[in-house]
Amino acid sequence: MIIIMNSETTDEQIAGVVNKLKEFGLESNVSRGIERTVIGAIGDETKADKELLQALSGVEDVIRVMKPYKIVARSYHKEDTVIDIGGVKLGGKQIQVIGGPCSVETQTQMDAAAEGVAAAGCRLMRGGAFKPRTSPYSFQGTGVEGLEMFRKAASKSNLPIVTELMDVRMLDTFLEHDVDVIQIGTRNMQNFDLLKEVGRTHKPVILKRGMSATISEWLMAAEYIAAGGNHNIIFCERGVRSFETYYRNMLDVTAIPVLKKETHLPVIVDPSHAGGKAWMVPALARAAVAAGADGLLVEMHPTPCEAWCDADQALDPQELKVLMGQLGGIAQAIGRSI
Ligand code: PEP
Ligand code: MN
């Protein structure tokens, strides 16, 4: 940690900072320049309260040197972490595409969706039984019954299932229904109590980026899960809010290489909720794979125009299959497979 004093700092103010650092168990290294005096804090800076130091008289700025996250950081674990989801490996050389509808509707719809997902060559399936809708009057999901329909449909095609958990009170039900991957949606990225609870399980967790979250906040949210003992975390970029109104969210492709540098955990991309229109999905999916994503989360519905939720952005089974073929070419060009 580095404390920069303002230009007219006095010896008394410097002593005040040194004493405060001592209270935090840190040593000081005072460096007096012509323009500025800079104090280097030596020791475990996590013990120091940045805001408290910032409030001391004569202090202009306090800069942390250490990253505020540990377990999820690349420095903690140099190699890429590969997560095993019922035998399907995510985070390795092979790119995984998770396909399926926005929401679980009926058994017939889920059976057809599972067949389409498997026929396209995807090894994992998505579907929301509990839906976070902007309006309380919109369809809220089929709930526990939806989980049952999902499990039944996916089992026939041997597909592990990914579904969103919104309420901590449903966690046991998710575990009883043997949900393979728990999805934490954009609206809950900083629901810290929910993160702590999934951190106590060993289930893989897809942590979607909050719609206005910085990468640092996202990494810290993941650290909440990791701190509880669950290191099976998958980051999912799904677009952030911007000034643009043409599309739903702005896909932050830059976040992919940044995360690959900052964390050892897998990074996937949801092109469906970014674009918000089915015709945009293939282009965004291709960009994500080219930029180094370890996987994709793609909405596909057997009959998109009949979807109960996000009909406009769902691919149909044939479109998903075509997309898989295109992604195969890109994967090969960058030394990966699909
Ligand atoms: C979803 O994947 O179904 C979903 C609601 O996504 P997000 O949380 O990114 O809006
Ligand atoms: Mn959706």
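It should be emphasised that the depicted structure is a prediction, and the values quoted were computed from it without experimental measurement. (Residues numbered from 1 in each chain as written. Chains lettered and ligands numbered in written order. Predicted model: local features only at pLDDT ≥ 70, side-chain atom pairs only at ≥ 80, totals over all residues. Heavy atoms only, no water.)

A. Focus on the state of the cysteines. In total, this model carries 0 disulfides according to the counting rule given. Left without a disulfide partner, Cys236 is nearest to the cysteine sulfur of Cys102, which lies 13 Å away. (Disulfide = S-S within 2.5 Å.)

B. Representation of the packing of helix H6 (residues 192-199) against helix H7 (residues 215-227) within the structure. Packing of H6 against H7 leaves a shortest axis separation of 6 Å and a crossing angle of 40 degrees. Classified by the angle their axes make, H6 and H7 are oblique. Where H6 abuts H7, its residues Phe192, Leu195, Lys196, Val198 and Gly199 lie against Ala221, Tyr224 and Ile225. (Axes fitted to C-alpha atoms, helices over the stretch in contact; angles between N-to-C directions. Helix = DSSP H or I, 4+ residues; strand = E, 2+ residues; numbered from the N terminus. Parallel < 35°, antiparallel > 145°, perpendicular 65-115°, else oblique. Contact = heavy atoms within 4.5 Å.)

C. Representation of the site of ligand 1. Near ligand 1 the following residues occur: Arg126, Lys131, Pro132, Glu164, Gln183, Gly185, Thr186, Arg187, Lys208, Arg238, His273 and Glu299. Residue Thr186 places a main-chain N or O atom 2.9 Å away from an oxygen atom belonging to ligand 1. The separation between an oxygen atom of ligand 1 and a polar side-chain atom of Arg238 is 2.7 Å. Considering ligand 1 on its own, with 300 Å² of exposed area, one finds that the protein chains cover 97% of that surface. The cavity where ligand 1 resides is the largest pocket. Tallied by class, residues from the shell around ligand 1 come to 1 nonpolar, 4 polar and 7 charged. (Near = heavy atom within 4 Å. Polar contact = N/O pair within 3.5 Å; in protein donor to acceptor, adjacent residues only side chain to side chain. Areas by Shrake-Rupley, 256 points an atom, 1.4 Å probe, with all protein chains shown as cover. 1 Å grid on protein atoms, 1.4 Å probe; cavity = no way out; pocket = protein on both sides within 12 Å on 5 of 7 lines; lining within 4 Å. Sits in = over half its atoms within 2 Å of the grid points. Nonpolar A, V, L, I, M, F, W, Y, C, P; charged D, E, K, R; others polar.)

D. Inspection of the layout of surface pockets at higher detail. A volume near 370 Å³ is recorded for the largest pocket. In this structure, the largest pocket is lined by 22 residues; those nearest its centre are Pro132, Arg187, Arg238, Arg248 and His273. Here the lining of the largest pocket is composed, by residue class, of 4 nonpolar, 8 polar and 10 charged. Reported here for the second largest pocket is a volume of approximately 290 Å³. If you go around the second largest pocket, you meet 13 residues; those closest to its centre are Thr46, Lys67, Pro68, Tyr69 and Lys70. For the lining of the second largest pocket, the class distribution of residues is 5 nonpolar, 2 polar and 6 charged. (Points joined across faces, edges and corners; volume = space filled by probe spheres on them.)

E. Summary view of the packing of aromatic side chains. Following the criterion strictly, the structure yields 4 aromatic pairs and no others. Aromatic side chains Phe130 and Phe174 sit 5.9 Å apart centroid to centroid with 35 degrees between the ring planes, which places their arrangement in the tilted category. Of this pair, Phe130 sits in the loop between strand E8 (124-126) and helix H4 (143-156) while Phe174 sits in helix H5 (residues 171-176); the two residues are 44 residues apart in sequence, bridging distant segments of the chain. For the pair formed by Phe130 and Phe174, the shared burial category is buried. (Phe/Tyr/Trp six-rings, centres within 6.5 Å; stacked < 30°, edge-to-face > 60°. Buried < 20%, exposed > 50% of the residue type's maximum accessible area, 1.4 Å probe, protein only.)

F. Quick peek at the environment of Ala287. Following the sequence through the fold, Ala287 ends up in helix H10 (residues 281-290). Residue classification places Ala287 among the partly exposed residues on the basis of a relative accessible area of 32%.

G. Representation of the domain arrangement of the protein chain in the model. Each assigned domain of the protein chain is listed here: domain 1 (2-63) and domain 2 (83-333). Its C-alpha centre places domain 1 at a distance of 45 Å from the equivalent point of domain 2. (Domains from an automatic or database assignment.)

H. Layout of unusual backbone geometry. The residue Asn158 is not glycine, and still its phi comes out positive at about 60 degrees. By the secondary structure assignment, Asn158 is in the loop between H4 and strand E9 (161-164). By relative accessible area, Asn158 is classed as exposed at 68%. Unusually for a residue other than glycine, Asp310 sits at a positive phi of about 55 degrees.

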